[in-house]
Amino acid sequence: MSSIDYSQKIPNNVNLNDDRTLQRALEGWQPNFLSWWDDMGPDGSQNFDVYLRTATSVDPQGWATFGHVKMPDYRWGIFLNPGEADRKIHFGDHKGEAAWADVPGEYRANLRRIIVTQGDTEPASVEQQRHLGLTCPSQYDLRNLFQVNVEEGRHLWAMVYLLHKYFGRDGREEGEALLERRSGQENNPRILQAFNEPTPDWLSFFMFTYFTDRDGKFQLCALAESSFDPLARTTKFMLTEEAHHMFVGESGVSRVIQRTCQMMNELKTDDPKKLREAGVIDLPTIQRYLNFHFSVTIDLFGADESSNAATFYSTGLKGRFEEGKRMDDHVLKGQTYPVLHVENGRLVEKQVPMLNALNEVLRDDYIKDSIAGVERWNKVIEKAGIPFRLKVPHKAFHRNIGSLSGAKISPDGQVISEAEWSARSPEWLPTAGDRQFVASLMGRVVAPGQFANWIAPPVMGINRQPVDFEYVRFA
Ligand SMILES: [Fe+2]
Ligand SMILES: [Fe+2]
């Protein structure tokens, strides 16, 4: 069960051979996926041989092999974690019953919506990142970008498999629609707003993979608890791939910071103007990018009070982060949770039924996890002997969803006037000038072992290869 059959057109560990109808349906979708990849995948890179990892089994040890592959030949496939014998539902109204091997009729619409919403983010991020290869800071980074892209493509496969197998004709139609929406396109955009924002430069890319792929981690963790067993098993395997995406983001930002600090010490200055002239990204600009990506990403968790969130939990479709490790009744009726809103010019907490606040619960878990990495970035600055510290903004800052939507809140959580917001937001969010400056640094560096001036090399290469390894062979 755990090893993957690569002799088939669609590599899989789900015995696709035994279900001819499903196999034919997916083989019908495959060319459409490839033509989407052709149109919307990494720009001008179809002929590159890229040092990619490919899943060869879902065993926790050694599931990946590495080798040079042309991306259109990447073996996208369907990989589920092995099932747990006699798995029981462990939260919500069905707690204690057997997990579902199939979709219960009454939850069909909601499950489909959950799977489609998750599935839509996967091709969206490939579209958002499609031009970045043209301005890569090194071969090492180019390879990492492509690895993230092919795996997001595989995550789309994972969701389309569930749609085809369990949702009949509706599912097949959704599978097509996932290839038709386009990130940022006005008449047929991707479902969630953060996936319609452009990712125009590599600082944005690293922030995106740190913050927004981490949203992916938390959503997948919540779905890995699902009573619908195939969804739980699919998302568990996706999580093993997601870890690398967050590594790309965390180490990427860290290397940008390291290079900036090095230049600050060399020039003995913290003047952004001088640092920009020296071709590195000043720390206040990095802070503004952080503020932007953090705030846009925490909106992805949805409204702070949501009856849908309550329904998804109580019916067993979506659990909490690490549901199994929590010491409560896993039903949550009669419990409360604090959410924020603005009252008389101040942020105040109000207690609401916890079931309705589960988006907020997941958002708070996410925030805790994000802060940890930001502290690791601060260690780099501290080690360089520089007094500056990066900070995650208040969760009410720059929000566009829920009760805080549109409220004017400073990064330290003060309610401010419209006028103060207009005057000060250029200190807090990337300005057109910041974006222009960062864009001006982006140039293509592809000689093995060479790095753009604005970023430090990594400590080690991929899969224990040297940093100057030929990660990408250009045609
Ligand atoms: Fe993904
Ligand atoms: Fe990802």
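Structure: see above.
An account of the accompanying structure is given in this report. The model shown is predicted, which means the values in this text are computed figures rather than measured ones. (Residues numbered from 1 in each chain as written. Chains lettered and ligands numbered in written order. Predicted model: local features only at pLDDT ≥ 70, side-chain atom pairs only at ≥ 80, totals over all residues.)

## Focus: the overall build of the chain
For the chain, the count of helices and strands is twelve helices and five strands. In terms of overall dimensions, the chain is globule-like: its C-alpha atoms have a radius of gyration of 23 Å, near the 23 Å expected for 475 residues. Taken along its principal axes, the extent of the C-alpha atoms in the chain is 65 × 65 × 40 Å. Expressed as a percentage of its 475 residues, the buried residues of the chain come to 45%. Within the chain, residue pairs in contact and separated by at least 24 positions form 69% of the contacts whose partners lie at least 6 positions apart. (Helix = DSSP H or I, 4+ residues; strand = E, 2+ residues; numbered from the N terminus. Rg over C-alpha atoms; globule rule 2.2 N^0.38 Å. Buried ≥ 20, exposed ≤ 12 C-beta atoms within 10 Å, placed from the backbone. Contact = placed C-beta atoms within 7 Å.)

## A closer look at the sheet that holds strand E1 (residues 49–55)
Hydrogen bonds between backbone atoms are what pair the strands of a sheet, whose relative direction is either parallel or antiparallel. Read across the sheet, three strands follow the order E2-E1-E5 without closing on themselves; strand pairing throughout is antiparallel. The open sheet terminates on both sides in strands that have one partner only, identified here as strand E2 (64–70) and strand E5 (472–473). Note that E1 and E2 share seven bridges and pair antiparallel. Each bridged residue has a counterpart across the sheet, and for Leu52 the counterpart in E2 is Gly67. (Pairing = 2+ DSSP bridges.)

## Examining the packing of helix H5 (residues 202–223) against helix H6 (residues 229–267)
Between H5 and H6, whose axes approach to 8 Å, the crossing angle comes to 155 degrees. Taken together, the axes of H5 and H6 lie roughly antiparallel to each other. Along this stretch, H5 crosses H6, giving a crossing that reads as left-handed. Partitioned by chemical class, the residues of the contact of H5 with H6 number 15 nonpolar, six polar and five charged. (Axes fitted to C-alpha atoms, helices over the stretch in contact; angles between N-to-C directions. Parallel < 35°, antiparallel > 145°, perpendicular 65-115°, else oblique. Left-handed = near helix turned anticlockwise from the far one by under 90°. Nonpolar A, V, L, I, M, F, W, Y, C, P; charged D, E, K, R; others polar.)

## Description of unusual backbone geometry
One non-glycine residue with positive phi stands out, namely His330, at about 60 degrees. With 18 C-beta atoms packed within 10 Å, His330 lands in the partly exposed category. With a phi close to 45 degrees, Asn344 is a non-glycine residue in the positive phi region. Its 6 C-beta neighbours within 10 Å are what place Asn344 among the exposed residues.

## Structural notes on the nonpolar core
Met207 and Val256 are the most contacted members of the largest nonpolar core, which totals 117 residues. Among the elements that make up this core, the one with the highest residue count is helix H3 (residues 139–166) (15 residues). With sequence-adjacent residues up to four places away left out, Val256 is seen in contact with Leu203, Phe206, Ile281, Ile286, Trp454 and Ile455. (Core = buried A, V, L, I, M, F, W, Y, C linked by C-beta atoms within 7 Å.)

## A few points about the packing of helix H1 (residues 20–40) against helix H4 (residues 168–180)
Axis separation between H1 and H4 bottoms out at 10 Å; the angle between their running directions is 10 degrees. Judged by the inter-axis angle, H1 sits roughly parallel to H4. On H4, the residues touching Ala25, Trp29, Asn32, Phe33 and Trp36 of H1 are Arg172, Gly175, Glu176 and Leu179.

## Focus on helix H9 (residues 307–314)
Buried within H9 we find Ala309, Ala310, Phe312 and Tyr313. In an axial view of H9, the angular spread of the buried residues amounts to 165 degrees, which keeps them on one side of the axis. Of the residues trailing H9, Gly316 is marked for its positive phi of about 85 degrees. (Arc of directions from axis to C-beta.)

## Some points on the environment of Leu142
Here Leu142 shows up in helix H3. Distance in space between the C-alpha atoms of Leu142 and Glu174 is 32 Å, their sequence separation being 32 residues. For Leu142, the residues in contact, after removing those within four places along its chain, are Gly133, Cys136, Val446, Tyr471 and Val472.

## Structural notes on the pairing of strand E3 (residues 336–343)
Where E3 lies against strand E4 (residues 346–353), eight bridges are found, and the strand directions are antiparallel. Pairing of Glu343 across the sheet is with Arg346, part of E4.

## Section: the environment of Gln30
Locating Gln30 in the fold gives a position in helix H1. Taking the C-beta count within 10 Å as the criterion, Gln30 has 15 such neighbours and is therefore assigned partly exposed. Placed 21 residues apart in sequence, Gln30 and Lys9 show a C-alpha to C-alpha distance of 9.3 Å.

Read these as layout, nothing more, since geometry by itself doesn't imply function.
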